Amino acid sequence: MRILLLAGASLLALATPAWAQEGEDLTTTTPDQADASPIDTLEPSEQDSQQVQAAKPTGDPVLDRLNALETRVKQLEARNAELEQQAELNEGRLQTVETRAAKAAQFSWAPTISEPTGQFTFKPRGVVEADAAAFFEREGGYDYNNGTAFRRARLGFEGTAFKWWNYRVEVDFAGNAVNITDAYLQYTKIPKTVLTLGQHKAPFGLESNNSDNYNIFLERGMFTNAFGNAGAERRIGISAAYAPRENLNLAVGLFGDNESVSRSTNTPVTDTPDESWGVNGRATWEPVFDAGKIVHLGVSGYYRTALKVANAAGDVEDAVRLSDRPNIRVDNGNIADSGIIPDVESLRYGGLEAAGVFGPLTVAGEAGRLWLDRNGFADEHFTGFYGYAAYMLTGETRPFRGGNFDRVRPFRELGKDGLGAFEVALRYDHLDLSSTPLPARAGNEASSVTLGLNWYFNPFAKLMFNWVRFWGDNTPLDPVGSETKGDVVATRLHLDF
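These notes cover the structure that comes with them.

The rules behind these values
Residues numbered from 1 in each chain as written. Predicted model: local features only at pLDDT ≥ 70, side-chain atom pairs only at ≥ 80, totals over all residues. Heavy atoms only, no water. Helix = DSSP H or I, 4+ residues; strand = E, 2+ residues; numbered from the N terminus. Buried < 20%, exposed > 50% of the residue type's maximum accessible area, 1.4 Å probe, protein only. Patch = residues over 30% accessible without salt bridge, like charges linked within 9 Å, V, L, I, M, F, W, Y side chains within 5 Å. Areas by Shrake-Rupley, 256 points an atom, 1.4 Å probe, with all protein chains shown as cover. Salt bridge = Lys/Arg side-chain N within 4 Å of Asp/Glu carboxyl O. Core = buried A, V, L, I, M, F, W, Y, C linked by side-chain atoms within 4.5 Å. Contact = heavy atoms within 4.5 Å. Lys, Arg positive; Asp, Glu negative; His and termini not counted. Charge placed at Lys NZ, Arg CZ, Asp CG, Glu CD. Pairing = 2+ DSSP bridges.

### Overview of the environment of Tyr144
Then comes step 1: Mapped onto the elements, Tyr144 comes out in the loop between strand S3 (121-139) and strand S4 (147-161).
Then comes step 2: The exposure class of Tyr144 is buried, given its relative accessible area of 5%.
Then comes step 3: Between the C-alpha atom of Tyr144 and that of Asn332, which follows or precedes it by 188 residues, the distance is 8.6 Å.

This is the structure we're talking about:
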């Protein structure tokens, strides 16, 4: 037994120096030695290096060896955590690059091009509307024009610049003429406020400020067109829109004339009247603003002075003319027309609007009155209104945003997963110009009933059908004092991008 103990002690004594030497090597590894191992070439961060330090030698070879191994394990764990963090960072960078690449050129009906930071974007835009109409005279001798026409053929572009600026330029080629529709800059850095400078829509009413791409009927109400052309629609000016809450919108602007207004139609040129100017405002509120349930209320008004009307002999200063066609543009005959009213110093307009969305049902209406302040003559006023109801047969709900209707998006698009969306609509429309001071047009007023069917192929293309029954008293289409009655069946193919 004693011999065995002595042999074991001898073996332990021989093994201990080698063991102690290995432990010393691990605790005093030089950079050159570390570079010899692939894993050791990945050095921990400076913070990790300060936190993971080798334990001081204790003099006990076994304990020093264990301390060295523990230190090394901690170093490897710290480096592993650093590598995992770096892998996550690389993955995030890869996702950012992929996102930027996706934003650089996004395609729908038209591409949207963006540079990597997203501060600059560019997108072509346009609207194409092809109409066809057939008229059926019921009373009166006017020969309406059956045929086709491009109601709108607009091309342009829009985008953002330097993050806080929006821009848009658009030109309309319909009617064998070229006219600028939109040409403006918008500044958006002020919280909840948008400033617009250039030619754009002046604040007016629901139908007027709503995008033409979202119209339910082929044409807007007659009074909206007649009163809007006199003091609203697109004009050169500056406006501010403020939305303190999602359901409250305020807009006001100062405007001159439309860009297309001629500057020198009179002879001599020095006789050309000055450009008109005016102030427009609109306020809207949705006391109920929930998904599939919206109640909308609004008021609008404008003041305009320095008026002029163009005719064959040149511009007529201090005059106004109110007119509109029977809800179709293929024929140019006006069913409502006040004639050129002279000696008008200024116009004042006030209007009310209301709308409701209740699931697939939409109801809306507007009424407005226009006052003419005349120099040396009695003041005049004219009124108009419309009301309609529309129902989505396929169950969609018409969206609402910023005080206006938004784009209808079918649940199932034609050619993709269904037949698109279908909508029926019914409207009554009336414009009263009977108090015009011109004897030839005295008593002129017009009304119409429109039945519509809309087939939305997808959010950007639709086919519209309208049957319009119209009638008017003392219209310019027939002899003075007679009545005009008729029907028109019309269709429109619409595409915007």
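### Observations concerning a nonpolar patch on the surface
Then comes step 1: A grouping of Leu197, Ile238, Val252, Leu254, Trp277, Val279 and Tyr303 is seen on the molecular surface, where their side chains present a nonpolar patch of about 640 Å² in accessible area.
Then comes step 2: Listed by contribution, the elements that provide at least two residues to the nonpolar patch are strand S9 (248-255) and strand S10 (277-290).
Then comes step 3: The residue Val252 is located in strand S9 in this model.
Then comes step 4: A relative accessible area of 46% means that Val252 is categorised as partly exposed.

### A look at unusual backbone geometry
Then comes step 1: In this structure, Lys163 takes a positive phi of about 70° despite not being glycine.
Then comes step 2: Of note in the backbone geometry, Ala306 takes a positive phi value of approximately 55° without being a glycine.
Then comes step 3: Within the element layout of this structure, Ala306 appears in the loop between strand S11 (293-305) and strand S12 (308-311).
Then comes step 4: Residue class for Ala306 comes out partly exposed when judged on its relative accessible area of 23%.

### Some words on the nonpolar core
Then comes step 1: If you look at the biggest cluster of nonpolar residues, it comprises 48 residues, and the most contacted ones within it are Phe227, Ile328 and Leu347.
Then comes step 2: When sequence neighbours within four positions are dropped, the list of residues in contact with Ile328 reads Ala133, Phe135, Leu218, Glu219, Val468, Val488 and Ala490.

### Quick word on a negative patch on the surface
Then comes step 1: A cluster of acidic residues, Asp274, Glu317, Asp318, Asp343, Glu345 and Asp379, forms a negative patch on the protein surface.
Then comes step 2: Mapped onto the elements of the fold, Asp379 is located in the loop between strand S17 (361-374) and strand S18 (380-392).
Then comes step 3: Asp379 gets classed as partly exposed once you look at its relative accessible area, which sits at 49%.

### Focus on the pattern of salt bridges
Then comes step 1: Under the defined criterion, the tally for this structure stands at 28 salt bridges.
Then comes step 2: Of the charged contacts, one joins Asp257 and Arg235 as a salt bridge, the two residues approaching to 3.3 Å between their closest N and O atoms. Pair noted here: Asp257 is in the loop between S9 and S10 and Arg235 is in strand S8 (residues 234-245), with a separation of 22 residues, a long-range link.
Then comes step 3: Measuring nitrogen to oxygen at the nearest pair gives 2.8 Å for the salt bridge that ties Asp373 to Arg348. One end of the pair, Asp373, is in strand S17; the other, Arg348, is in strand S16 (residues 344-358), and 25 residues separate them in sequence.
Then comes step 4: On the accessibility criterion, Arg348 (35% relative accessible area) is partly exposed.
Then comes step 5: Here the salt bridges share partners, and the residues they tie into one network are Glu129, Asp131, Arg151, Arg152, Arg154, Asp172, Asp212, Glu219 and Arg492.

### Topic: the side chain of Ser448
Then comes step 1: Residue position: Ser448 is located in strand S22 (residues 445-458).
Then comes step 2: In contact with Ser448, other than residues within four places in its own chain, are Met222, Asn327, Arg427, Tyr428, Asp429, Val468, Arg469, Phe470 and Trp471.

### Details of helix H6 (residues 222-231)
Then comes step 1: Taking burial as the measure, the ten residues of H6 include nine buried ones, the bulk of the element.
Then comes step 2: Buried residues of H6: Met222, Phe223, Thr224, Asn225, Ala226, Phe227, Gly228, Ala230 and Gly231, and no others.

### Remarks on the pairing of S8
Then comes step 1: Judged from the nine bridges that link them, strand S7 (residues 193-201) and S8 form a sheet pairing that is antiparallel. In the strand pairing of S8, Lys201 is matched with Arg234.
Then comes step 2: Relative to S9, S8 runs antiparallel, the two sharing seven bridges. Looking at the pairing, Gly237 lines up with Phe255 of S9.
Then comes step 3: Counting the residues that bridge the hairpin from S8 to S9 gives two residues.

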